[in-house]
Amino acid sequence: MSDLLANLNAEQLAAVTLPDEPALILAGAGSGKTRVLTTRIAWLIQNGRVSPAGVLAVTFTNKASKEMQTRLSSMLPINTRGMWIGTFHGLCNRMLRAHFRDAGLPQTFAILDTQDQLSALKRLMKALNVDDEKYPAKNLQYFINNAKEQGLRPADVEANDDFNRRFVDLYAAYDQQCQREGVVDFAELLLRCYELLRYNDAIRQHYQHRFRHVLVDEFQDTNVLQYQWLKLLAGYGTQNPAAVFAVGDDDQSIYAFRGANVGNMRDFEEEFRVRRLIKLEQNYRSHGHILDSANHLISHNARRLGKNLRTDAGHGEPVRVFQAGTDGQEAGWMVEEIRDQIAQGMSRAEIAILYRSNAQSRVIEHALFSAGIAYRVYGGLRFFERAEIKHALAYLQLLENPRNDAAFGRVVNFPARGIGARSLEQLQDAARQYNCSLAEAVAYVPGAAGSKLAAFVRLIEQMRAETRRMTLAETVEHVTNASGLITHYRGEKEGQDRIENLQELVTAAQAFVVEEGYGLEALASVIPVGFESRAAQATPLPAEGDQVQQVLDPEALPVVMTPLVAFLTHASLEAGDNQAQAGQDAVQMMTVHAAKGLEFNVVFITGLEEGLFPHENSKTDTDGLEEERRLMYVAITRARERLYLSFAQSRVLHGQMRYHVRSRFFEELPEEALKWLTPQQSSYGGVRREERDNAWGRDWFRKPEDVPYSGNKPTGGMDTGNGYADAKRESGTGFRVGQQVFHNKFGEGVIKALEGDGADARAQINFKRHGAKWLALAVAKLDPIN
DNA sequence: GTTAGTATTGTTTTT
DNA sequence: CAATACTAAC
């Protein structure tokens, strides 16, 4: 109980037990930031300074918010579910659902992700006959989001020239389109919520009265709008403002490209008259050399609040630096090092490979895969972003809201129903003419096209009727079938994976109902002002498949979020990390951005080359460069015991061979902390070249099923078409020494030796034209001759 | 209206 | 190299 504070150092203790007033905590990497934040909440509650309902804690990522909830419930015997702990977007969504009428939104508004937003803009521009050459949709998207992040509506944006004026007009038209269709984009979620609080006195006062403690994680990454939102919520400038507890690290601000404004930290300090500024500078994570490197590097940034991390741990091992000839060699070297580490008992999950951009993961994946080392890739294409999943979700959206034109357009002809571009054009014209949704405009389209469209609308209506009494999972399953999606993919050669993903969606729906209590926590907090205490108590976990209406009395409690809407919201707000096999012990691969907040025993930072890291587009201005340096700082401080830095002299980028010099960051690290692993200057020998040569091969992700593998499911299917061939190949019976084989790239050759088995099987082949090579049989496409 | 095949273009990081 | 846009043939 009272040992909440037991293991805190002096700085942390001071932060946790601060009085109820604005406070800024400058928390260095690995200084126990999350711990301070959660302990603070627990301490406040335990000492009766605030009730769980009076706390609002906001983070940036879903991961962080989940972590906070987990830790909190391990400290206190309370249900964190009903608490207002979440991401900015998640909390805004909650509030908007609760007050949808006041916010001017339909009850079932859908959320557009970045892709959806872009296609909505393209659709709009097409309808308005805007030249995409002159006004690229992508630029418009950036323009709009940027404006929204500053809290600016079209009327507030100053247009200095014709070009900007056009953008402003399009911004206005886009907002109207969204409103008509009942959808909001990410930025709108925040802006709309901000406006709700700002212009609705009763609601604002309610929340200001309710939240006595507002805690913010990663404060350095807040944008202008988020800060304004916080100020409103915390009752800045009122008689009795909430105590804002902001935790941040200016050195870890890496989201400027997304509108993050480090200046918020300074503004906060001034505007809230912060008297309590605590620096957490004791690092509990990294060994000395690693920390020295981080400190040394970041000291090259001019604009800093100033902070230096220290550790009690010894120097530890030096930072190892490796220069490779090619990206393939870099990957090959990592494989060897990882093998060593694993052999010495290091858990795979404690090894992380970091890179600047997602594209770099391919070569590394290939090397790990050939070596049979289990790995997991974060980021990339996430579950809810897959095309087949988005199609299924679009059907589900239409069940809730037929006016959602984006969803309508997405699936009206998928699977193909003979509704082509021309018919759609007619439909869009009609919709514009009668100022209605696409679904409503169907009635105005004559002829064959009209009847096909009408059939589609009937299909949706029929599905809606059929699923009315179904559980969420049943609904999802029914829709994947009745829509014809499953049938369609069954006929496709690479459709098996997609079908499996659709089945996975049913499972996900099931899991959502069980684990999330149906989004009950969202429901509980979604109850309009005045009802929340009742709702918070009414959180018995529903039995599997129970309809929420059966758990909560619909008469007494205005249920605003149906399970389906909750699920769809969940899908857009949490793109669903591809954690298919999260529990498995696998090497972790991710971008540096994705690594923020995580830590590992062993860390590889790869591709440290000018143009890559620092990235080409950021090299020109100092702000960009400083952000890259902060990014590097974040990367370094992920490591606990061992850190590797590597770069390659040449690598294949955008399908072309590029030659790079090593990153300037090497010049900014303390020499005495580094240990150069002198690479063999190998233009020929050294690491096996075919690893690189095969890296981009079409058959790249062919794999036997039993290989430990937990990366992204490749979208291309290999299970159906060539599963048999692979099985034969891997069994070893397919090849013998002396066998003549043919390879797509290397031509004819003779097998000189065989080695290993299963996924590890390799063959040494003497090619007529390319000489002797070792090829992994699981990867290389070899056909026996004769 | 659909499909398959070809030309083009754009490639950082993400809630 | 990949995703997307466009074009020509079915």
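Not measured: the values here are computed from a predicted model.

Trainee: Please set out the side chain of T87 residue by residue, giving values where relevant.
Mentor: Within the secondary structure layout, T87 lies in strand β3 (residues 84-87). Overall, the relative accessible area of 7% leaves T87 in the buried class. One polar contact links the side chain of T87 to the main-chain amide nitrogen of G90, over a distance of 2.8 Å.

Trainee: Tell me about the protein's contact with DNA strand B, residues and numbers included.
Mentor: Neighbouring DNA strand B are 26 residues; R356, N358, G418, R422 and S423 lie closest to it. Within 4 Å of the protein, the atoms of DNA strand B are drawn from sugar and phosphate moieties in a proportion of 57%. In the model, a base oxygen of DNA strand B is placed 3.3 Å from a nitrogen or oxygen of the H89 side chain. One of the side-chain nitrogen or oxygen atoms of K138 is found 3.2 Å away from a phosphate oxygen of DNA strand B. Among the residues forming the surface near DNA strand B, the class breakdown is 5 nonpolar, 15 polar and 6 charged.

Trainee: Break down the side chain of D217 for me, citing the residues and quoting the values.
Mentor: When you line up the elements, D217 lands in the loop between β6 (213-216) and α10 (224-233). The class of D217 is buried, set by a relative accessible area of 3%. Side-chain polar atoms of D217 contact the side chain of K33, separated by 3.2 Å. Once you skip the residues sitting within four places of it in the chain, D217 turns out to touch K33, L37, V58, T59, F60, A64 and V247.

Trainee: So, the pairing of strand β14 (residues 639-653): which residues are in play, and what are the values?
Mentor: When you tally the buried positions in β14, you get 13 out of 15 residues, the bulk of the element. Of the pairings in the sheet, the one linking strand β9 (residues 319-326) to β14 comprises 6 bridges and is parallel in character. From the neighbouring strand, Q323 faces β14, where its bridge partner is F647. Note: strand β13 (residues 600-605) against β14, 5 bridges, orientation parallel. Bridge assignment links F600 to a residue of β14, and that residue is A639. Bridging between β14 and strand β15 (residues 656-659) involves 4 bridges; their strand directions are antiparallel.

Trainee: Please set out the packing of helix α8 (residues 186-199) against helix α9 (residues 201-210) residue by residue, giving values where relevant.
Mentor: Helix packing for two helices is described by the angle between their axes and how far apart those axes are. The interhelical angle for the contact between α8 and α9, taken along N-to-C directions, is 95 degrees, at an axis separation of 5 Å. With respect to α9, the element α8 is oriented roughly perpendicular. Residue-level inspection shows L196, L197, R198 and Y199 of α8 in contact with α9, the latter providing D201, I203, R204 and Y207.

Trainee: Which residues make up the packing of aromatic side chains, and what values do they have?
Mentor: If you walk through the whole model with that rule in mind, you get 29 aromatic pairs. An angle of 20 degrees between the planes, with centres 5.0 Å apart, marks the rings of Y135 and F163 as stacked. Here Y135, found in the loop between α5 (114-127) and α6 (137-149), pairs with F163, found in helix α7 (residues 162-181); they are 28 residues apart in sequence, far enough to count as distant. Three or more aromatic residues link up through ring pairs in this structure, and these residues are F219, Y227, Y236, F268 and F272. If you follow R166 out to its NZ or CZ, it ends over the ring of Y135, 5.4 Å from the centre. Over the aromatic face of Y378 sits the side chain of R376, whose NZ or CZ is 3.9 Å from the ring centroid.

Trainee: Let's hear about the pattern of salt bridges: which residues, and what values?
Mentor: This model, assessed by the stated rule, comprises 45 salt bridges. Between R275 and E21 there is a salt bridge, with the nearest N and O atoms lying 3.1 Å from each other. Placement of R275 in the loop between α11 (263-271) and β8 (276-280) and of E21 in the loop between α1 (10-16) and β1 (23-27) is noted, with a sequence separation of 254 residues between them. For K596, the salt bridge identified is with E218, shortest N-O distance 3.3 Å. Linking K596 in the loop between α27 (592-595) and β13 with E218 in the loop between β6 and α10, this pair joins segments that are 378 residues apart in sequence. Here the salt bridges do not stand alone but share partners, grouping K148, R153, D175, D185, E188, R192 and E195 into one network.

Trainee: An account of the pairing of β6 is requested, with residue identities and associated values reported.
Mentor: The alternating pattern of β6 places H213 and L215 and V214 and V216 on opposite faces, both of which are buried. The pairing of strand β2 (residues 55-59) with β6 spans 4 bridges and is classified as parallel. Looking at the pairing, L56 lines up with V214 of β6. Where β6 meets strand β7 (residues 243-248), 4 bridges bridge the pair, whose relative direction is parallel. From the neighbouring strand, H213 faces β7, where its bridge partner is A243. Between the parallel elements β6 and β7, the chain passes through α10 in a crossover that is right-handed.

Trainee: Any chance you could break down the packing of helix α4 (residues 88-98) against α10 for me, citing the residues and the numbers?
Mentor: Their axes nearest at 12 Å, the elements α4 and α10 cross at an angle of 50 degrees. The orientation of α4 with respect to α10, classified from their angle, is oblique. Judged by the sense of rotation from one axis to the other, the crossing of α4 with α10 is left-handed. Where α4 approaches α10, its residues F88, L91, C92 and M95 are matched on the opposing element by Q226, W229, L230 and L233. Of the residues that constitute the contact of α4 with α10, the class distribution is 7 nonpolar, 1 polar and no charged.

Cut-offs applied
- Residues numbered from 1 in each chain as written.
- Chains lettered and ligands numbered in written order.
- Predicted model: local features only at pLDDT ≥ 70, side-chain atom pairs only at ≥ 80, totals over all residues.
- Heavy atoms only, no water.
- Helix = DSSP H or I, 4+ residues; strand = E, 2+ residues; numbered from the N terminus.
- Buried < 20%, exposed > 50% of the residue type's maximum accessible area, 1.4 Å probe, protein only.
- Polar contact = N/O pair within 3.5 Å; in protein donor to acceptor, adjacent residues only side chain to side chain.
- Near = heavy atom within 4 Å.
- Nonpolar A, V, L, I, M, F, W, Y, C, P; charged D, E, K, R; others polar.
- Contact = heavy atoms within 4.5 Å.
- Pairing = 2+ DSSP bridges.
- Axes fitted to C-alpha atoms, helices over the stretch in contact; angles between N-to-C directions.
- Parallel < 35°, antiparallel > 145°, perpendicular 65-115°, else oblique.
- Phe/Tyr/Trp six-rings, centres within 6.5 Å; stacked < 30°, edge-to-face > 60°.
- Lys NZ or Arg CZ within 6 Å of the ring centre and 35° of its normal.
- Salt bridge = Lys/Arg side-chain N within 4 Å of Asp/Glu carboxyl O.
- Right-handed = clockwise from strand over helix to strand, strands pointing away.
- Left-handed = near helix turned anticlockwise from the far one by under 90°.

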